[in-house]
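Chain residues, written in single-letter form:
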Amino acid sequence: MGIAVQVNGRITGERDAVVSVFDHGFVFGEGVYEVLRTYHGQPFLFDAHARRLRESARRIALDVPFSDEELRARIDDTLQASGADGERYIRVLLTRGVGEFTYDPKACPTPTLVIIVKPHVTPPPEVYERGVTISLVDVTRNHPRSINPLIKSNNLLNNALGMQQACARGSFEALMKNYLGEIVECSQSNVFLVRRGEVLTPPIDAGLLAGITRAFVFDLGREIGLPVREARVLEEDLPTAEEMFITSSTREIVPVVRVDDLVVGTGVPGPVTTALLARYRAHVAALAPSAAGG
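Below is a short write-up of the structure. Model, not experiment: these values are computed from the prediction. (Residues numbered from 1 in each chain as written. Predicted model: local features only at pLDDT ≥ 70, side-chain atom pairs only at ≥ 80, totals over all residues. Heavy atoms only, no water.)

## Remarks on the overall build of the protein chain
Here comes step 1: Check the secondary structure of the protein chain and you find seven helices and 15 strands.
Here comes step 2: For the protein chain, with 294 residues in total, the buried portion stands at 51%.
Here comes step 3: A sequence separation of at least 24 residues applies to 71% of the contacts in the protein chain between residues at least 6 apart.
Here comes step 4: A total accessible area of about 13500 Å² is found for the protein chain, and carbon and sulfur atoms account for 53% of it.
Here comes step 5: The protein chain carries 31 positive and 36 negative side-chain charges, and their two centres are separated by 1 Å. (Helix = DSSP H or I, 4+ residues; strand = E, 2+ residues; numbered from the N terminus. Buried < 20%, exposed > 50% of the residue type's maximum accessible area, 1.4 Å probe, protein only. Contact = heavy atoms within 4.5 Å. Areas by Shrake-Rupley, 256 points an atom, 1.4 Å probe, with all protein chains shown as cover. Lys, Arg positive; Asp, Glu negative; His and termini not counted. Charge placed at Lys NZ, Arg CZ, Asp CG, Glu CD.)

Structure representation (structure tokens):
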């Protein structure tokens, strides 16, 4: 099949997967999601993703009507049905469900669960060998008291608008600021700077998504003796960065060598980024057979 989709327990191919137009995930954008990838056919860091899905749902008063074990079983069934060779991309979406056109959550007694499995597309080797260019865009990241970025919401318009600007400049990612003018994250990734031997990343309370791979980088840093900590980052700090990289579940650790016209460090992936990526890949290779427990 290659691509398999499960909608409320029914698994089909992509053409036969349907969700009602009265679903509040479609009508109002009320829903949350997670993206995972597999290593050796097993979802990586599943436990962490399941916890974040529940936390996102809690923040929008959305019931999660299944256990983590039930979710994992449904993912496994969809993986098996996909029949694809190689590693897989997994997207889990939980919406408010079908109901009348009202914002009252009681109008939707049954949430909708969608699981999409398709072949994972790994970025080409040159992305990691040469690094990428990202663009600092003028779309401000959502204010935490508006749509809190800690909610991994199905409504990605803020991210999409930022990425539109980056795409127009031919860039790999969109770097965004918060309402205070601080650097916070990219449209699909968390961001890190290396300066004077330290690995720095904006703090959660700056208004960003608590990335699963972001947290994993803290663990990797401890393992290889690299200090990784949170720090406020401003635009004027970018020229002082010796290295930069971005992280996500599907891209791992990607070196950044330019921010628009600004060359980062020496203009090639640096030793800290390279060491963390090597450790990441060694770690997932070792964990892959038992990655089900995260």
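On we go from here.
## A word on the pattern of salt bridges
Here comes step 1: On inspection of all chains with the given rule, the structure shows 20 salt bridges.
Here comes step 2: The salt bridge partner of Asp68 is Arg54, with a shortest N-O separation of 2.8 Å. Of this pair, Asp68 sits in helix H3 (residues 68-82) while Arg54 sits in helix H2 (residues 46-59), and the two are 14 residues apart along the sequence.
Here comes step 3: A relative accessible area of 28% means that Arg54 is categorised as partly exposed. (Salt bridge = Lys/Arg side-chain N within 4 Å of Asp/Glu carboxyl O.)

## Comments concerning a nonpolar patch on the surface
Here comes step 1: Taken together, the side chains of Val21, Phe22, Phe26, Val98 and Phe101 present a nonpolar region at the surface, about 550 Å² in accessible area.
Here comes step 2: In this fold, Phe26 is placed in helix H1 (residues 24-27). (Patch = residues over 30% accessible without salt bridge, like charges linked within 9 Å, V, L, I, M, F, W, Y side chains within 5 Å.)

## Remarks on the packing of aromatic side chains
Here comes step 1: Throughout the structure, instances matching the rule amount to eight aromatic pairs.
Here comes step 2: Look at Tyr39 and Phe44: their rings are 5.2 Å apart centre to centre, the planes differ by 85 degrees, and that puts the pair in the edge-to-face class.
Here comes step 3: For Tyr39, a relative accessible area of 8% corresponds to the buried category.
Here comes step 4: For Phe44, a relative accessible area of 7% translates into the label buried.
Here comes step 5: The structure contains a cluster of three or more aromatic residues connected by ring pairs, namely Phe22, Phe28, Phe101 and Tyr103.
Here comes step 6: Here Arg37 stacks its cationic end above the ring of Tyr39, 3.8 Å away from the centre of that ring.
Here comes step 7: Directly above the ring of Phe46 sits Arg72, whose terminal nitrogen or CZ lies 5.7 Å from the centroid. (Phe/Tyr/Trp six-rings, centres within 6.5 Å; stacked < 30°, edge-to-face > 60°. Lys NZ or Arg CZ within 6 Å of the ring centre and 35° of its normal.)

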